[in-house]
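Geometric and topological summary
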Amino acid sequence: MWKRTHNDRTRGLLLTGLKAAGSAAVAIAVASAIHLQFSATAGIIAILSLMGTKRETMKVALGRLMAYGSALLIAFACFSLFGDGLLAFGIYLFVFASLCYACSWGYATAMISVLISHFMGTGGMTWTQVGNESLLFLIGTTSCTRTKGVWTHCFVRRMSRCGRRCVRLRKGRMRATP
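What comes next concerns the included structure. (Residues numbered from 1 in each chain as written. Predicted model: local features only at pLDDT ≥ 70, side-chain atom pairs only at ≥ 80, totals over all residues. Heavy atoms only, no water.)

1. Digging into the packing of helix α3 (residues 54–82) against helix α4 (residues 86–102)
Running from N to C, α3 and α4 point in directions that differ by 150°, and their axes come no closer than 9 Å. If you check the angle between α3 and α4, you find them roughly antiparallel. Note that α3 runs across α4; the crossing there is right-handed. Between α3 and α4, the contacting residues are A67, S70, A71, I74, A75, C78, F79 and F82 on the first element and L87, A88, F89, I91, Y92, V95, F96, L99 and C100 on the second. Looking at the contact of α3 with α4, its residues break down into 16 nonpolar, 1 polar and no charged. (Axes fitted to C-alpha atoms, helices over the stretch in contact; angles between N-to-C directions. Helix = DSSP H or I, 4+ residues; strand = E, 2+ residues; numbered from the N terminus. Parallel < 35°, antiparallel > 145°, perpendicular 65-115°, else oblique. Left-handed = near helix turned anticlockwise from the far one by under 90°. Contact = heavy atoms within 4.5 Å. Nonpolar A, V, L, I, M, F, W, Y, C, P; charged D, E, K, R; others polar.)

2. A look at α4
Helix length check: α4, at 17 residues, gives a terminal C-alpha distance of 24 Å against a target of 24 Å (1.5 Å per residue), a fit within 8%. Considered for burial, the residues of α4 that qualify are A88, F89, Y92, F96, A97 and C100. Around the axis of α4, the buried residues are gathered within 150° of arc, so they sit on the same side. Exposed side chains of α4 directed beyond 90 degrees from the buried face belong to L87, F94, Y101 and A102. Buried residues belonging to α4 abut α3 and α5 (109–122). In the stretch just after α4, S104 is the one whose phi turns positive, near 60°. (Expected span 1.5 Å × (residues − 1). Buried < 20%, exposed > 50% of the residue type's maximum accessible area, 1.4 Å probe, protein only. Arc of directions from axis to C-beta.)

3. Here we look at the nonpolar core
Considering soluble globular proteins, one finds that nonpolar side chains tend to be buried as a cluster. Among the nonpolar cores identified, the biggest contains 30 residues, and A67, F79, Y92, F96, I112 and I116 are the most heavily contacted of them. Counting residues per element, the ones that place at least two in this core are α1 (2–33), α2 (40–49), α3, α4, α5 and α6 (127–170). Not counting residues within four places of it along the chain, the set of residues in contact with Y92 comprises A71, I74, A75, C78, A97, I112, S113 and I116. (Core = buried A, V, L, I, M, F, W, Y, C linked by side-chain atoms within 4.5 Å.)

In short, shape yes, function no, at least from these values alone.
Quick look at the structure:
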């Protein structure tokens with residue numbers, strides 16, 4: 001019984017690692033292909049967006065989308081009033097983090113704040129930068145939800161075949177091939 005549970009746990013850990021790596025690679029590749037700045041951020045967003053179930057992933061993605069819209073408005077107000085320096089970003093963080101925790105979006109605070117920090121590093125909120133950050137957000141979130149089912153299906157199917165073959169070998173029902 002222990003070996004079965006141990007193997008299932010190992011398979012689950014491998015599957016989670018595969019989903020994270022696959023989602024991140026797809027997101028980074030897409031962001032790089034369309035020449036976005038900070039394309040690795042899309043991969044990190046994909047990893048942070050992985051949840052246990054597809055329903056949970058979609059629920060979190062919707063919450064992050066609402067939080068991102070709010071963050072853009074708050075950042076626009078802060079950067080317009082206080083410039084694009086540390087003071088503006090600090091005020092943004094205070095207002096945005098307070099809003100996130102009040103709306104139960106705490107899971108979105110760090111990820112979205114990294115996107116907003118790119119405005120500070122590039123000299124302000126231009127339409128080009130807003131488009132860049134929005135695409136990073138969408139690519140990272142959708143690559144996670146899109147690749148999740150594909151990776152899971154292919155990996156589980158292959159592992160199941162391999163597992164059945166190993167069981168038949170152990171029971172002597174099948175001869176090992178060199």
